[in-house]
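# Summary of the model geometry
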Amino acid sequence: MTYCVAIKLNAGLVFLSDSRTNAGLDQISSFRKMMIYEKTGDRFMVLLSAGNLSISQSVREILQVEQIASPEEDGEPITLWNATSMFDVARVLGAAVRRVHDRDGLALKRAGVDFNVSLVLGGQIQGEGMRLFQVYSAGNFIEATSETPYFQVGESKYGKPVLDRVLTPETPLDEAAKCALVSMDSTLKSNLSVGLPLDLVVYEEGRFATDKIVCIDENNPYFRMLHNSWGQKLREVFDSIEDPEWAGGATEVPICVDPTRSRPIRKITNPRDKLI
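In this report, the structure presented in the accompanying data block is examined. What you are looking at is a predicted structure, and each value in this text was computed from that prediction instead of being measured. (Residues numbered from 1 in each chain as written. Predicted model: local features only at pLDDT ≥ 70, side-chain atom pairs only at ≥ 80, totals over all residues. Heavy atoms only, no water.)

Next up on the list: the overall build of the protein chain. Each helix and strand counted, the protein chain has 5 helices and 12 strands in total. Over its C-alpha trace the protein chain gives a radius of gyration of 23 Å, far above what one expects of a compact globule, namely 19 Å for 276 residues. Counting only C-alpha atoms and orienting by the principal axes, one finds that the protein chain spans roughly 80 × 45 × 40 Å. Here the protein chain holds 276 residues, and 42% of them are scored as buried. For the protein chain, long-range pairs separated by at least 24 residues make up 59% of all intrachain contacts whose partners lie at least 6 apart in sequence. Accessible area of the protein chain: about 16100 Å², with a carbon and sulfur share of 52%. Computed over 30 positive and 37 negative side-chain charges, the separation of the two mean positions in the protein chain equals 8 Å. (Helix = DSSP H or I, 4+ residues; strand = E, 2+ residues; numbered from the N terminus. Rg over C-alpha atoms; globule rule 2.2 N^0.38 Å. Buried < 20%, exposed > 50% of the residue type's maximum accessible area, 1.4 Å probe, protein only. Contact = heavy atoms within 4.5 Å. Areas by Shrake-Rupley, 256 points an atom, 1.4 Å probe, with all protein chains shown as cover. Lys, Arg positive; Asp, Glu negative; His and termini not counted. Charge placed at Lys NZ, Arg CZ, Asp CG, Glu CD.)

Attention shifts here to the packing of aromatic side chains. Under the criterion given, the structure shown has 5 aromatic pairs. A ring pair is formed by Phe-44 and Tyr-203, whose centres lie 4.8 Å apart and whose planes are at 5 degrees; its orientation type is stacked. Residue Phe-44 is located in strand 6 (residues 43–51), and its partner Tyr-203 is located in strand 11 (residues 198–204); the two are separated by 159 residues in the primary sequence. When the ring of Phe-133 is compared with that of Phe-141, the centres are 5.5 Å apart and the planes differ by 85 degrees; the resulting orientation is edge-to-face. An aromatic cluster is defined as three or more aromatic residues linked by ring pairs; in this entry it consists of Phe-87, Phe-133 and Phe-141. (Phe/Tyr/Trp six-rings, centres within 6.5 Å; stacked < 30°, edge-to-face > 60°.)

Before going further, it helps to spend a moment on the nonpolar core. One finds Val-59, Leu-93 and Leu-119 to be the most contacted residues of the largest nonpolar core, which totals 28 residues. Taken together, the elements giving at least two residues each to this core come down to strand 6, helix 1 (53–63), helix 2 (86–110), strand 7 (117–125) and strand 8 (131–135). Here this core gets 10 residues from one element, more than from any other, and that element is helix 2. In this structure, Leu-119 is in contact with Leu-47, Leu-48, Ser-49, Val-59, Leu-93, Val-97, Phe-133, Gln-134, Val-135 and Val-153, ignoring residues within four places of it in sequence. In this structure, Ile-7, Leu-9, Met-184 and Ile-216 belong to the second largest nonpolar core, which totals 26 residues. (Core = buried A, V, L, I, M, F, W, Y, C linked by side-chain atoms within 4.5 Å.)

Considering the arrangement of structural elements, one finds Asp-273 in the segment after helix 5 (221–240). Residue class for Asp-273 comes out partly exposed when judged on its relative accessible area of 23%. For Asp-273, the residues in contact, after removing those within four places along its chain, are Arg-266, Lys-267 and Ile-268. In this structure the side chain of Asp-273 is engaged in a polar contact, spanning 2.9 Å, whose partner is the backbone nitrogen of Thr-269. (Polar contact = N/O pair within 3.5 Å; in protein donor to acceptor, adjacent residues only side chain to side chain.)

This paragraph deals with the packing of helix 4 (residues 173–190) against helix 5. Where helix 4 contacts helix 5, the axes come no closer than 10 Å and their chain directions differ by 70 degrees. If you check the angle between helix 4 and helix 5, you find them roughly perpendicular. As for the relative orientation of helix 4 and helix 5, their crossing is right-handed in sense. Of the residues in helix 5, those in contact with Lys-178, Leu-181, Val-182, Asp-185, Ser-186 and Leu-188 of helix 4 are Tyr-222, Phe-223, Leu-226, His-227 and Trp-230. A per-class count over the contact of helix 4 with helix 5 returns 7 nonpolar, 2 polar and 2 charged. (Axes fitted to C-alpha atoms, helices over the stretch in contact; angles between N-to-C directions. Parallel < 35°, antiparallel > 145°, perpendicular 65-115°, else oblique. Left-handed = near helix turned anticlockwise from the far one by under 90°. Nonpolar A, V, L, I, M, F, W, Y, C, P; charged D, E, K, R; others polar.)

Structurally, Gly-129 can be placed in the loop between strand 7 and strand 8. Between the C-alpha atom of Gly-129 and that of Arg-224, which follows or precedes it by 95 residues, the distance is 35 Å. Among residues more than four places away in sequence, those in contact with Gly-129 are Gly-123 and Gln-124.

To continue, consider the packing of helix 1 against helix 2. The interhelical angle for the contact between helix 1 and helix 2, taken along N-to-C directions, is 135 degrees, at an axis separation of 9 Å. In terms of their interaxial angle, helix 1 and helix 2 are classed as oblique. Along this stretch, helix 1 crosses helix 2, giving a crossing that reads as right-handed. In this structure, helix 1 uses Ile-55, Ser-58, Val-59, Ile-62 and Leu-63 to contact helix 2, whose residues at the interface are Val-92, Leu-93, Ala-96, Val-97, Arg-99, Val-100, Arg-103, Asp-104 and Leu-108. Considered class by class, the residues forming the contact of helix 1 with helix 2 number 10 nonpolar, 1 polar and 3 charged.

Residue Pro-197 is reached from Leu-196 by a cis peptide bond, and omega for that bond is 0 degrees. Examined against the element boundaries, Pro-197 turns out to sit in the loop between helix 4 and strand 11. For Phe-208, which is not glycine, the phi torsion reads 60 degrees and is therefore positive. In this structure, Phe-208 sits in the loop between strand 11 and strand 12 (212–216).

Below you can see the structure in the form of structure tokens.
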């Protein structure tokens with residue numbers, strides 16, 4: 001399994017991925033789930049992948065040479081490197097996914113293996129704003145909006161709450177990077193199928209290049225500080241919340257009050273009691 005998250009903000013984009021893959025408890029390896037495509041001054045794109053490793057690796061390889069037809073009758077085929085919009089790049093990626101499915105889908109089905117791949121593609125091409133897409137196993141895709149400024153693929157449930165509570169389009173880039181790392185730390189804490197090292201990329205809007213690329217392992221001082229601080233602060237906040245008072249003691253927030261619409265659950269005390 002894996003966990004990847006990509007965030008689209010007014011100020012830029014943040015991408016974070018782990019590197020663990022496993023085919024059972026005794027077959028754990030590290031493979032990078034992130035690819036960076038950069039043509040300085042013209043385009044900057046990042047691809048994150050989760051799911052079946054053989055499928056995602058094939059998609060990434062084919063993406064390098066995949067073409068889709070130009071809408072112009074005699075136009076040059078559209079590729080990763082000449083597309084004039086991120087929407088067209090997402091179309092090229094979808095076509096690469098479908099090509100791998102056409103090639104391997106039937107054989108995988110016969111072997112009892114689902115065609116399972118999830119991808120996130122984000123970036124900026126000269127002439128338009130930043131865009132972020134999630135691409136599915138069928139090659140179709142959706143785009144991030146201001147209401148949903150991030151996408152996750154892989155083991156997403158543990159890291160989602162902090163993203164929902166913190167992120168808005170106005171969130172500064174460094175704060176969003178911190179939020180993504182907290183999201184990843186929560187996932188690492190709760191799921192052994194996600195693991196270090198991590199790849200983190202931060203892109204500033206309008207630059208069409210970035211040097212904010214880092215690989216984070218277990219010895220990274222910032223990530224170790226964040227891991228320790230997040231656990232400690234969570235415990236402090238938890239301890240600061242008043243315990244429920246069952247005996248009617250002095251409290252401004254009693255728990256034993258009559259609900260406005262429902263009644264407390266009724267006990268079943270003998271075989272003749274009706275369930276409803």
